[in-house]
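Fold and contact review
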Amino acid sequence: MQASPHTSASTPGSGPARHRRRSRGPLLGVLASAAALAGLATTLAGGANAAENPYERGPAPTESSVTAPRGTYAVSETSVSRYSVSGFGGGTIYYPTSTADGAFGAVAIAPGYTALQSSIAWLGPRLASQGFVVFTIDTRTTSDQPASRGDQLLAALDYLTKSSSVRGRVDGTRLGVMGHSMGGGGTLEAAKDRPSLKAAIPLTGWNLDKSWPEIKTPTLVVGADSDTIAPVRSHSEPFYESLPSSLDRAYLELNNAGHFAPNTSNTTIAKYSISWLKRFIDDDTRYEQFLCPLPKPSLTIAEYRGNCPHTS
Ligand code: 9J3
């Protein structure tokens, strides 16, 4: 769906096509003017809210909106050839089609060992439709190790914000990183190397380095209870526990899930990733309700640790 050109760029919660205007006769014109005044009041109310947080995008979230297969933004995509870039292996950019809501925060996502961007592609439209520019990348070689994958995530963000065809749609000051397995290990490396990042989410991350006290980026560590490739006891748990206790951090252990759970659509991963990205890339406290109080163990959550309320 395309938002109307009358939708204010800084109006949060403006649904698509909220103020569409057509030519009309005199009577309809009067009624339309009254409607326009009502709409103006709504816009001003939204504007006041936008002044508090200019980064909010999309309507107020609900349990249903954060678990839905898609958010409210229609999504376009553009592929980036590996031969047109340096420092990473190209990828696919998923972005809200509408330009009516201004620039969006962005996240780069790296796949795991031997894997391609296709292995994490479901996250592209899933996250972009909530109001982010999402860059799922390929690495230079599928055997690149976590430190290299971290550098490649950062190169991808630099390309996205400085050179890509959608650079004008991205707020280069509000960026995040995600990745699966060795891409999750790379996510930690990227956050360590670039403290200006607003959010990091390693998904069943793998890294020989178990200690991350240098990280300054709010980090959601996602592990899987039945992962035998990156077992939580030797990967996600020490990653999480080594983050500074003063940092906004969380540990989500998926219940009854293996190492490759992040490679197919997963409502629990989506719900908490959306909430974490919204909360820390968009500073959108409307999503705090899904993160605090800490989620309880359930059919899909084996364990959840974190600090509440959040401090940044
Ligand atoms: O999916 C992954 O990136 C697995 C990481 C791994 O198995 O590393 C072993 C060298």
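Residues numbered from 1 in each chain as written. Predicted model: local features only at pLDDT ≥ 70, side-chain atom pairs only at ≥ 80, totals over all residues. Heavy atoms only, no water.

Going by the annotation in an unreviewed UniProt entry, the name recorded for the protein is Lipase 1, with Streptomyces rubrolavendulae given as the source organism. Reading the Subcellular location (unreviewed entry) entry of the UniProt record for the protein gives the comment "Secreted". The annotation that UniProt attaches to the protein under Sequence similarities (unreviewed entry) is "Belongs to the AB hydrolase superfamily." (UniProt positions renumbered as here; feature names shortened; annotations may be inferred.)

**What about the nonpolar core?**
If you look at the biggest cluster of nonpolar residues, it comprises 38 residues, and the most contacted ones within it are Phe88, Ile93, Val133, Phe135, Leu157 and Leu160. Where this core is concerned, the elements lending two or more residues are strand E2 (91–96), strand E3 (104–110), strand E4 (133–137), helix H4 (146–162), strand E5 (170–180), helix H5 (182–193) and helix H6 (236–242). The contacts of Leu157, once residues within four sequence positions are left out, are Val107, Ala108, Leu175, Gly176, Val177, Arg194 and Leu197. Membership of the second largest hydrophobic core comes to 36 residues, among which are Tyr94, Ile120, Leu220 and Ile301. (Core = buried A, V, L, I, M, F, W, Y, C linked by side-chain atoms within 4.5 Å. Buried < 20%, exposed > 50% of the residue type's maximum accessible area, 1.4 Å probe, protein only. Helix = DSSP H or I, 4+ residues; strand = E, 2+ residues; numbered from the N terminus. Contact = heavy atoms within 4.5 Å.)

**What to know about the site of the ligand**
The ligand sits among Gly112, Tyr113, Ser181, Met182, Trp206, Ile229 and His259. Bound to the protein, the ligand loses 75% of the 310 Å² it would expose on its own. Looking at the shell around the ligand residue by residue, the classes come out as four nonpolar, three polar and no charged. (Near = heavy atom within 4 Å. Areas by Shrake-Rupley, 256 points an atom, 1.4 Å probe, with all protein chains shown as cover. Nonpolar A, V, L, I, M, F, W, Y, C, P; charged D, E, K, R; others polar.)

**Concerning the sheet that holds strand E9 (residues 301–306)**
Reading across the sheet, the nine strands line up as E1-E2-E4-E3-E5-E6-E7-E8-E9 and stay open at both edges, with mixed pairing between neighbours. In this open sheet, the two strands that pair with only one neighbour each are strand E1 (75–80) and E9. The mean inter-strand angle of the sheet, taken between neighbouring strand axes irrespective of direction, is 15 degrees. Sheet topology note: the E3/E4 ladder contains four bridges and is parallel. Each bridged residue has a counterpart across the sheet, and for Val107 the counterpart in E4 is Val134. (Pairing = 2+ DSSP bridges. Axes fitted to C-alpha atoms, helices over the stretch in contact; angles between N-to-C directions.)

**Here we look at H4**
In this model, H4 (17 residues) spans 24 Å end to end at C-alpha, consistent with the 24 Å of a helix rising 1.5 Å per residue. For H4, the buried fraction is high: twelve of the 17 residues fall into the buried class. In this fold, the buried residues of H4 make contact with E1, E2, E3, E4, E5 and H5. (Expected span 1.5 Å × (residues − 1).)

**Brief notes about the pattern of salt bridges**
Evaluation of the coordinates by the stated rule reveals 15 salt bridges. A salt bridge links Lys192 to Glu214; the shortest N-O distance between them is 3.7 Å. With Lys192 in helix H5 and Glu214 in the loop between strand E6 (199–203) and strand E7 (219–224), this residue pair connects regions lying 22 residues apart in the sequence. Taking relative accessible area as the criterion, Lys192 reaches 31% and is therefore assigned partly exposed. Judged by relative accessible area, which is 36%, Glu214 ranks as partly exposed. (Salt bridge = Lys/Arg side-chain N within 4 Å of Asp/Glu carboxyl O.)

**Section: the state of the cysteines**
The final tally for this structure, using the stated rule, is one disulfide. Here Cys292 pairs with Cys308 through a disulfide, and the sulfurs are 2.1 Å apart. Torsion about the S-S bond of the Cys292 and Cys308 cystine: about -95 degrees, corresponding to left-handed handedness. Remark: Cys308 occurs in the segment after E9 and Cys292 occurs in the loop between helix H7 (267–281) and E9; sequence separation between them is 16 residues. Judged by its relative accessible area of 14%, Cys292 is buried. (Disulfide = S-S within 2.5 Å.)

**What about the packing of H4 against H5?**
Any two packed helices are characterised by the angle at which their axes cross and by the distance between the axes. Orientation of H4 relative to H5, taken along the N-to-C sense of each, is 65 degrees, at an axis distance of 7 Å. Crossing of H4 over H5 shows right-handed handedness. Contact residues: Pro146, Ala147, Arg149, Gly150, Asp151, Leu153 and Leu154 in H4; Met182, Gly183, Gly185, Gly186, Thr187, Glu189, Ala190 and Asp193 in H5. Looking at the contact of H4 with H5, its residues break down into six nonpolar, five polar and four charged. (Left-handed = near helix turned anticlockwise from the far one by under 90°.)

**What to know about the packing of aromatic side chains**
Enumeration over the complete set of coordinates arrives at eight aromatic pairs. Summarising the aromatic geometry, the rings of Tyr287 and Phe290 are spaced 6.1 Å apart at their centres and angled 55 degrees between planes, so their arrangement reads as tilted. By relative accessible area, which is 2% here, Tyr287 ends up buried. An aromatic cluster of at least three residues, connected via ring pairs, comprises Phe88, Phe135 and Tyr159. Residue placement shows Arg57 over the ring face of Phe104; its charged tip is 5.8 Å from the ring centre. Sitting above the plane of the Phe132 ring, Lys278 keeps its charged end 5.2 Å from the centroid. (Phe/Tyr/Trp six-rings, centres within 6.5 Å; stacked < 30°, edge-to-face > 60°. Lys NZ or Arg CZ within 6 Å of the ring centre and 35° of its normal.)

**A closer look at H7**
In a regular helix each residue adds 1.5 Å, so 15 residues correspond to 21 Å; H7 covers 20 Å between its end C-alpha atoms and thus fits that length. Counting buried residues in H7 gives 14 out of 15 residues, a clear majority hidden from the surface. You can read the cap of H7 off the contacts: a side-chain oxygen lies 3.0 Å from the backbone nitrogen of Thr268, and it is on Asn266. With its phi angle positive at about 55 degrees, Asp283 sits one or two positions after the end of H7. (Polar contact = N/O pair within 3.5 Å; in protein donor to acceptor, adjacent residues only side chain to side chain.)

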